Amino acid sequence: MNQLKTARLHTSLRRALLALAAGLVIFAGQAAAQEKEKEKLGDLMSEAGFDWIVGKWVAETEEGQKYEIVYKWELNKHAITVHFKRGDYEHHGMIFYMASEDKVVQIGADNRGGTSKGSWELKGDTAIHKTEHIPADGKAGKIGIVYSKTDDGMMRAEAYMLNDAGELGEEPWGVLEYRRQKEQTEQTPKKCCG
């Protein structure tokens, strides 16, 4: 009878230890997932020293064409919205960190029925945005834009065509330097006449 009780005790103890081990494995996996969740775009950009890009930027070509880009933090710095405007063309997008693939991506749409998707990568003191734009007519085009900060605090954007392998062309086909603009704050109307 003692052998039967001892055997049951060993079996129960073995099951309890296996359950405990399984629980620890699951807990460790959840803890690692939660740690991964803590990574957010704001932290990555700050660590890389590239959070300076957030704000409103304006550039003008020699022909007088005005370009405006606004990068704005959203969702507790897990994402950035992007609003680009050139003449009557407007594009609105979102940049976010995709932890499952360990990359920064951007998706967007424009006021002419086009869409875009792409990715961002840091290389030295530049950020490279590679994107595919599909206009309403379906004729896709791929470009890469290299962003950097100039010594006088401007944002330099160099546009390149991308080859079939997704690599930048040798020479940029366009270069713009954007000047930071101060954000206008909403003002409450003054009360008049008591």
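Further up the page is the structure itself.
Predicted, not measured: the structure shown is a model, and the values here were computed from it.

*Asks:* Quick question: what am I supposed to make of the overall build of the protein chain here?
*Replies:* When you go through the protein chain residue by residue, the secondary structure sums to two helices and 10 strands. Along the chain direction, N to C, the helices and strands of the protein chain fall in the order α-α-β-β-β-β-β-β-β-β-β-β. Expressed as a percentage of its 194 residues, the buried residues of the protein chain come to 29%. A total accessible area of about 13,800 Å² is found for the protein chain, and carbon and sulfur atoms account for 53% of it.

*Asks:* Would you mind showing me how to read a negative patch on the surface here?
*Replies:* Side chains of Glu 39, Asp 43, Glu 47 and Asp 102 sit close together on the surface and give a patch of like negative charge. With respect to the secondary-structure elements, Asp 43 resides in helix H2 (residues 41-48).

*Asks:* In this structure, what is going on with the pattern of salt bridges? I would like to understand it.
*Replies:* Should the charged atoms of two oppositely charged side chains come close, the side chains can pair. Scanning the model with the defined rule gives five salt bridges in all. Of the charged contacts, one joins Arg 112 and Asp 88 as a salt bridge, the two residues approaching to 2.8 Å between their closest N and O atoms. With Arg 112 in the loop between strand E5 (103-110) and strand E6 (115-123) and Asp 88 in the loop between strand E3 (79-86) and strand E4 (89-98), the pair connects residues that are 24 residues apart, well separated along the chain. Of the residues examined, Asp 88 reaches a relative accessible area of 59% and is grouped as exposed. Glu 101 is the partner of Lys 103 in a salt bridge, and the nearest nitrogen-oxygen pair spans 3.3 Å. When its relative accessible area of 35% is taken as the criterion, Lys 103 is described as partly exposed. Counted as one network, the salt bridges with shared partners bring together Arg 156, Glu 158 and Glu 177.

The rules behind the values
- Residues numbered from 1 in each chain as written.
- Predicted model: local features only at pLDDT ≥ 70, side-chain atom pairs only at ≥ 80, totals over all residues.
- Heavy atoms only, no water.
- Helix = DSSP H or I, 4+ residues; strand = E, 2+ residues; numbered from the N terminus.
- Buried < 20%, exposed > 50% of the residue type's maximum accessible area, 1.4 Å probe, protein only.
- Areas by Shrake-Rupley, 256 points an atom, 1.4 Å probe, with all protein chains shown as cover.
- Patch = residues over 30% accessible without salt bridge, like charges linked within 9 Å, V, L, I, M, F, W, Y side chains within 5 Å.
- Salt bridge = Lys/Arg side-chain N within 4 Å of Asp/Glu carboxyl O.
- Lys, Arg positive; Asp, Glu negative; His and termini not counted.
- Charge placed at Lys NZ, Arg CZ, Asp CG, Glu CD.

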